[in-house]
Amino acid sequence: MTTSTVDSPARRPSRGGRVVRYVLLVVLACVVLGPIYWLVTSALKPTADIYTYPPTWLPNPLHLRWANFADAWHAAPFGRFFLNSLIVTAIGTAGEMLCATLCAYAFAFLRFPFKKVLFGILLGAMMVPGHVTLLPNYLTISDLGWINTYQGLIFPGLGSVFATFLLRQHMLTLPGEVLDAAKVDGAGHLRTMFRVVLPLSRPMLITAGVITLVAKWNDFIWPLIVTNSTNMRTVPIGLLFLKTQEGYNNWGAIMAATVLVIVPVLVVFFFAQRQIVAGLTQGATKG
Amino acid sequence: MVAPARLSRRTLLAASGGAALALTAAGCGGGSGGNGFAQASGDKVPDEYAKRTRVVVWHAYSGNPGTALAELAKRFNESQSDVYVEAQFQGSYDETAQKVTAAVQARKIPDLVTFSEVNWHNFYLNDLLEPLDGYFGSGLKRSAYNQKLLSEGVLKDKLWWLPLARSTPIFYYNKTLFHKAGLPDRGPASWDEWYGWAKQIKGLKVKGKQVKMEAYQKIDGDWQFQGSVWQWGGAYSNGLNVAIDQDPAVAAGEWQRKLIFQDKLAYMADSPSVDFQNQLIATLVTSTGGLQSMTEAAKQGKWEVGTAFVPKKEQQVVPTGGGGFGMLAYSPKDRKQAAWKFVEFCGKPANSAYWTLTTGYLPVIDAAVDEPDLKKRLADDPNFSTAVKQLDIVRKEDEVRLMVPNANILIYTGLQKIWTNNTPAKQVFADVAGQLKKATDKVRKNIEKHV
């Protein structure tokens, strides 16, 4: 046990320094939350108030326009859009996490020829911009007859380098003793993965899962390219229906629709945030 | 040196798609051979329409225009028993064009597409559009269309693109501010008269802020500026010969630079329309398609909008913009004939009038203005009729802007330098001209073969 040094009064962080840090944090919070505040308050304003100069920062409490939400919901089939996004996001996230987990486990724990080379290729794939593969993906999905289908929306997103890499890095940090103990007890790979590795990786799984889920929920380009009809559109594309290129834009309804789009993601993050913080912290300290 | 336009995923997709189009055209030699491409996927056809020929229309209209086109498709489907039209919204004109590129690559295409006045040229140059001349008949006569708008779709004596959602720049003014400044309630006859009026606007304030006279659009401002260049007696290009670095265009650029930095009466804005709606500027030259939103905003802000012809300098002339129908050549014959039936339907005066009233786009069928509802609107609302009357002075856009990829981006990024950096127009346009000449030379052979 190391004897702790008694702190001299001069070395305690000064009260002034702490105040400065709090001020900086408040400023940063304002910068980050400012646009969100504007979004939420605009969703409750009549359109005329949104346009006015100088800006009206506080919506008039007597004239909150909840009708913006109804206008948005009825301007395009948002119920259908939400269902589509829910289906694609849920199945897509589950599928992607399954692929990533199996792949990460293989890279972390299996011995096979050219493992390093293959891992290098995997990392290289992360460097390829998504839009380079957009047209080849489209042609492949089209040949499969999956344009304007759920499988067309879901399948190209199943292979994920980011989640694989994150999980593999985490799995490498797991204590060797636990894994050795499992092996001594006769556990094969499947049992090791499900009973030892996955429980120990729970925070990181949730972190990668939430990041994947948010990316899929927000995805715009691929759903725009691969779907043709309104019935198959997801919510980010649904927002396009509210905005015209030349004419009058009902910004109240557009803002309200945008609030509807981001609320599910905020809810998911809220419930998962303890795990996410744990996952990121763990990764940071042991990576 | 003008910085190259920032590469974005859309730009790269368009570029790679353009190359892919060229390959497709080469690979599909043999003209009318085969059965044509498969049809783009969509929803299940309703049972009552199952025996009909299905036509897929890809369009770029959301909001009111989207609703109007869907309504026309619905009415069409109910009006006859041979064809079922499915109208599918695909995003902006650029997004729609990119999707058509991908669809052609996949050989699963829509039958009819709404292209912008610029985008259709890319498909024409790659031999993907169907000439429409042979389809006119008793159902729809060529002469039914406004001939100026129709002629913009003609190349090599054939018609490739039919007007639908057309607009022009128009001069908007704030009647209320004009009144306060002691100005007459009309548009200025010339830019010089406008300049004199601009000086009278000085001193006017709205919500404590000095009112300016005009704002220039940061993105896509090259469309309105093309009109300015013409008004000053110049052009972006004569045929494929770049002319933006010649004196009339330079003079137009210098006029705007002086207004911004010397007179302090103008500025560059992200959204001039919103600034106009907030009465931060007294006048604005922008699309006729925005009239409805201007009127609505003015009503809410308790002031009044006026419209007039865009003023003249050496000439009084404006460009057109907007979209129209193009038919894809690789669609099978029966689907093309079926698609034409929908075009005919949209070309009926009553339907053209409905489209104009709902969207604010110009009436492209001459007889539409005689339909009772539209006739009444034009009579009751002088602002609404200004754009129709201004059709007499419209002109097709310059060839380089229409046919050279990214020409519009090169020009408006150059304009941004004039409007924000106070860079002399001569210098900026010399750079832009150099860029345009290089870009033009890359595609010159193909354009000359097709024009």
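Residues numbered from 1 in each chain as written. Chains lettered and ligands numbered in written order. Predicted model: local features only at pLDDT ≥ 70, side-chain atom pairs only at ≥ 80, totals over all residues. Heavy atoms only, no water.

Remarks on the overall build of chain B
Each helix and strand in chain B was counted, giving 18 helices and 20 strands. In summary, chain B has a C-alpha radius of gyration of 23 Å against a globular reference of 22 Å for 451 residues, a match within 12%. For chain B, long-range pairs separated by at least 24 residues make up 76% of all intrachain contacts whose partners lie at least 6 apart in sequence. Counting every atom, chain B has about 17,900 Å² of accessible surface; 50% of that belongs to carbon and sulfur. (Helix = DSSP H or I, 4+ residues; strand = E, 2+ residues; numbered from the N terminus. Rg over C-alpha atoms; globule rule 2.2 N^0.38 Å. Contact = heavy atoms within 4.5 Å. Areas by Shrake-Rupley, 256 points an atom, 1.4 Å probe, with all protein chains shown as cover.)

Focus on the state of the cysteines
Evaluation of the coordinates by the stated rule reveals zero disulfides over all chains. Free cysteine: A:C103, not disulfide-bonded; nearest cysteine sulfur from A:C99 at 8.4 Å. (Disulfide = S-S within 2.5 Å.)

Details of the domain arrangement of chain A
All names here are of chain A. Taken domain by domain, chain A comprises domain 1 (15-64) and domain 2 (72-282). One C-alpha centre belongs to domain 1, the other to domain 2, and the line joining them spans 32 Å. Every contact between the two is made by nine residues of domain 1 and, on the other side, 10 residues of domain 2. Buried surface at the junction of domain 1 and domain 2, summed over both partners, amounts to about 730 Å²; 77% is from carbon and sulfur atoms. (Domains from an automatic or database assignment. Buried area = accessible area lost by both parts, 1.4 Å probe.)

Thoughts on the domain arrangement of chain B
Residue and element names in this part refer to chain B. Looking at chain B, the domain boundaries give domain 1 (9-167 + 321-395) and domain 2 (169-319 + 404-442). Taking the mean C-alpha position of each, domain 1 and domain 2 sit 30 Å from one another. In this assembly, 15 residues from domain 1 lie in contact with 22 residues from domain 2. Three residues stand out in domain 1 for area buried against domain 2, namely N383, Q390 and R395, and they jointly supply 40% of the buried area on that side. If you look at where domain 1 meets domain 2, you find eight residue pairs in polar contact (both at pLDDT 80 or more). At the level of elements, α15 (382-390) and β20 (394-395) are the ones that each hand at least two residues to the side of domain 1 that touches domain 2. If one sorts the elements of the side of domain 1 that touches domain 2 by residue count, α15 sits on top with seven residues. (Polar contact = N/O pair within 3.5 Å; in protein donor to acceptor, adjacent residues only side chain to side chain.)

Examining the interface of chain A and chain B
Between chain A and chain B, the residue contacts involve 33 residues of the former and 43 residues of the latter. In this assembly, chain A packs against chain B so that about 3,200 Å² is buried in total across both faces, 58% of it on carbon and sulfur atoms. Taken together, the connections running from chain A to chain B amount to zero salt bridges. There are 14 residue pairs in polar contact (both at pLDDT 80 or more) connecting chain A and chain B. Those elements that provide at least two residues to the side of chain A that touches chain B are α2 (47-51), α6 (134-143), α12 (221-226) and α13 (235-242) of chain A. No other element matches α6(A), which puts six residues into the side of chain A that touches chain B. (Salt bridge = Lys/Arg side-chain N within 4 Å of Asp/Glu carboxyl O.)

Overview of the UniProt feature "transmembrane region" (unreviewed entry) in chain A
Residues and elements named next belong to chain A. In the UniProt entry, the feature "transmembrane region" (unreviewed entry) is given for residues 19-40, 86-110, 117-139, 145-167, 196-215 and 251-272. For the annotated span residues 117-139, helix accounts for 70% and strand for 0% of the residues, and the straight-line distance between the end C-alpha atoms is 29 Å. For residues 196-215, the end-to-end C-alpha separation is 28 Å, with 95% helix and 0% strand making up the annotated structure. (UniProt positions renumbered as here; feature names shortened; annotations may be inferred.)

Topic: the pairing of strand β17 (residues 305-308) of chain B
Along a regular strand, successive side chains alternate from one face of the sheet to the other. Residue and element names in this part refer to chain B. Going residue by residue along β17, you find V305 and T307 tucked away on one face and G306 and A308 tucked away on the opposite face as well. Pairing between strand β9 (residues 169-174) and β17: four bridges, direction antiparallel. Among the inter-strand pairings, F171 is bridged to a residue of β17, identified as A308. (Buried < 20%, exposed > 50% of the residue type's maximum accessible area, 1.4 Å probe, protein only. Pairing = 2+ DSSP bridges.)

Focus on a nonpolar patch on the surface
Taken together, the side chains of A:V19, A:V23, A:V27, A:V31, A:V32, A:L33, A:I36 and A:V40 define a hydrophobic patch exposed on the protein surface, amounting to about 680 Å² of accessible area. With respect to the helices, strands and loops of the structure, A:V27 is situated in helix α1 (residues 15-42). (Patch = residues over 30% accessible without salt bridge, like charges linked within 9 Å, V, L, I, M, F, W, Y side chains within 5 Å.)

Describing the environment of B:A339
All names here are of chain B. Looking at the element boundaries, A339 is found in helix α12 (residues 333-346). A339 sits 160 residues away from H179 along the chain, and the two C-alpha atoms are 51 Å apart. The contacts of A339, once residues within four sequence positions are left out, are V55, D111, L112 and M327.

Overview of the sheet that holds β17(B)
All names here are of chain B. The three strands lie next to each other as β16-β9-β17, forming an open sheet whose pairing is antiparallel. Across the chains shown, the open sheet's two edge strands, defined by having one partner strand only, are β16 (283-287) and β17. Direction aside, the axes of adjacent strands within the sheet are offset by 35 degrees on average. Contacting β9, β16 and β17, helix α11 (residues 291-301) runs over the sheet at an angle of about 150 degrees to β17. (Axes fitted to C-alpha atoms, helices over the stretch in contact; angles between N-to-C directions.)

Quick word on the packing of aromatic side chains
Using the criterion set out here, one finds 41 aromatic pairs over all chains in the structure. Between the aromatic rings of A:W146 and A:F155, the centroid separation amounts to 4.9 Å while the plane-to-plane angle is 50 degrees, which identifies the pairing as tilted. Classification of A:W146 as partly exposed rests on a relative accessible area of 22%. Clustering of aromatic rings is evident, with ring pairs tying together A:W73, A:F78, A:F81, A:F82, A:W217, A:F241 and B:F89. The ring of A:W38 has A:K45 lying over it, and the distance from NZ or CZ to the ring centre is 4.0 Å. If you follow B:R395 out to its NZ or CZ, it ends over the ring of B:W230, 4.1 Å from the centre. (Phe/Tyr/Trp six-rings, centres within 6.5 Å; stacked < 30°, edge-to-face > 60°. Lys NZ or Arg CZ within 6 Å of the ring centre and 35° of its normal.)

Some points on the nonpolar core
Among the nonpolar cores identified, the biggest contains 154 residues, and B:L162, B:I244 and B:F342 are the most heavily contacted of them. A per-element tally of this core places helix α18 (residues 425-450) of chain B first, with eight residues. In this structure, B:L162 is in contact with B:L132, B:F136, B:Y145, B:L150, B:G324, B:F325, B:W340 and B:V343, ignoring residues within four places of it in sequence. Formed by 22 residues, the second largest nonpolar core is a distinct cluster that contains A:F69, A:A72, A:F82 and A:I254. (Core = buried A, V, L, I, M, F, W, Y, C linked by side-chain atoms within 4.5 Å.)

Brief notes about the packing of helix α4 (residues 78-109) of chain A against helix α10 (residues 189-200) of chain A
Residue and element names in this part refer to chain A. Orientation of α4 relative to α10, taken along the N-to-C sense of each, is 100 degrees, at an axis distance of 12 Å. Looking at the two axes, α4 sits roughly perpendicular to α10. Residues T101, L102, Y105 and F109 of α4 form the contact with α10, whose own contacting residues are H189, T192, M193, V197 and L198. Here the residues of the contact of α4 with α10 are counted per class, giving six nonpolar, three polar and no charged. (Parallel < 35°, antiparallel > 145°, perpendicular 65-115°, else oblique. Nonpolar A, V, L, I, M, F, W, Y, C, P; charged D, E, K, R; others polar.)

Quick notes on unusual backbone geometry
Both trends apply: most residues other than glycine have a negative phi, and most peptide bonds are in trans. For A:F114, which is not glycine, the phi dihedral falls at a positive 60 degrees. Residue placement: A:F114 occurs in the loop between α4 and α5 (115-126). By relative accessible area, which is 63% here, A:F114 ends up exposed. Residues other than glycine seldom take positive phi values, yet B:K207 does so here, at roughly 50 degrees. Examined against the element boundaries, B:K207 turns out to sit in the loop between β10 (205-206) and β11 (209-210).

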